[in-house]
Structures are given as structure tokens and as C-alpha cells.
Amino acid sequence: MLKRTKQFLRSIHYDYDKTYIRPLMVPDSVYVLKFGKDHRNNRVVVKYSHTWTGRVKINEIALRLHKQKHPRIFKHETDLVKYLNKHLAKKAAD
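Computed from a prediction, not measured in an experiment: that's the story for all the values here.

Calculation criteria
For every chain, the first residue of the written sequence is number 1, and numbering continues from 1 onward in sequence order. Two thresholds apply to this predicted model, a pLDDT of at least 70 for residue-level local features and 80 or more for giving and counting side-chain atom pairs, whereas whole-chain, interface and lining totals are computed over all residues. Only heavy atoms go into the side-chain values, all of them from the structure, while hydrogens and water stay out. The secondary structure listing takes helices from DSSP runs of H or I that are at least 4 residues long and strands from runs of E that are at least 2 residues long, numbered from the N terminus. Two things to know: the radius of gyration comes from C-alpha atoms, and the globule rule equals 2.2 Å times the number of residues to the power 0.38. Burial classes: relative accessible area under 20% of the type maximum marks a residue as buried, over 50% as exposed, and values in between as partly exposed (1.4 Å probe, protein chains only). Residues are treated as being in contact if the distance between any of their heavy atoms lies within 4.5 Å. Using a 1.4 Å probe, the Shrake-Rupley method yields the accessible areas, and only the shown protein chains count as cover for residues. Residues counted as positive are Lys and Arg, residues counted as negative are Asp and Glu, and His and the chain ends are not counted. Here the site of a charge means atom NZ of a Lys, CZ of an Arg, CG of an Asp or CD of a Glu. Only strands that DSSP links by at least two bridges are regarded as paired with each other.

Student: Describe the overall build of the chain, and please don't skip the residues or the numbers.
Tutor: Scanning the chain from N- to C-terminus turns up 2 helices and 5 strands. For the chain, the succession of helices and strands along the chain, N to C, is α-β-β-β-β-β-α. Taking 94 residues into account, the globule formula puts the C-alpha radius of gyration at 12 Å, and the chain, at 14 Å, falls close to it. In terms of overall dimensions, the chain has a C-alpha envelope of 45 × 25 × 20 Å along the principal axes. A burial count over the chain gives 33% of its 94 residues as buried. A fraction of 28% describes how many contacts in the chain between residues 6 or more apart in sequence connect residues 24 or more apart. Split by element, the accessible area of the chain, about 6600 Å² in all, is 52% carbon and sulfur. Computed over 22 positive and 8 negative side-chain charges, the inter-centroid distance for the chain is 3 Å.

Right, here's the structure in full:
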């Protein structure tokens, strides 16, 4: 999951950890990707479910940079990678 995002993070030398969470009260599963240069204080939270054929359906991608209170919400991974490219690539160049 999030293959292009993980490739982008590796290309700018960011480390990441991934975990899966299966909450009891809601039907969606949750995938959390924590990443950062020195500290892993940024995170992407993906809420997903499975279709009746078994395919993964991403319902929401929430990005929190530097422990933000209000996350940025994306519908597609492409939009997330564009946003990260705009904000993290310039920091990696510095």
C-alpha cells in the first residue's frame, strides 16, 4: 500500500515505519506510515476497506506534518505524492 509514496520517501532519504490497525468499532482498517528525516514525527493515516472481490479500496488519506492538529485529506495517492514533492523535496535540497 502507498508504493509510490514509499518510493518517493526513499528517494529523498527519509526513513519510515508502517503499522496496520484493525479497529473494533468501525468497518475500515487503518494503515499508518510514520516518516521523517531524523525523527519520525510526520504521519500518513490511510483508512481503507476491502471490496467484495477482495481488492483494497482507499477511502481517505490523511497527512499530518510535524504533528499538526488538522490533517490534510487526500482522495488519491497521486495527490499526496504531488503535495509531498512540493513540500519535502525543497527541504531535502536545503
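Student: With reference to specific residues and values, describe the pairing of strand β2 (residues 29-36).
Tutor: Buried residues dominate β2, accounting for 7 of its 8 residues. When strand β1 (residues 15-21) meets β2, the two strands line up antiparallel, connected through 7 bridges. For tyrosine 20, the partnering residue across the bridge sits in β2 and is tyrosine 31. Pairing between β2 and strand β3 (residues 42-50): 7 bridges, direction antiparallel. Pairing of valine 32 across the sheet is with valine 45, part of β3.

Student: With reference to specific residues and values, describe the pairing of β3.
Tutor: Counting the residues between successive antiparallel strands, the hairpin from β2 to β3 contains 5 residues. Of the strand pairs in this sheet, β3 and strand β4 (residues 56-64) are connected by 8 bridges, and their pairing is antiparallel. Looking at β4, one finds that serine 49 is bridged to lysine 57. Taking the residues that link successive antiparallel strands as the turn, the β3-β4 hairpin has 5 residues, and the phi of glycine 54 there is positive, at about 100°.

That's the geometry; what it means functionally is another story.
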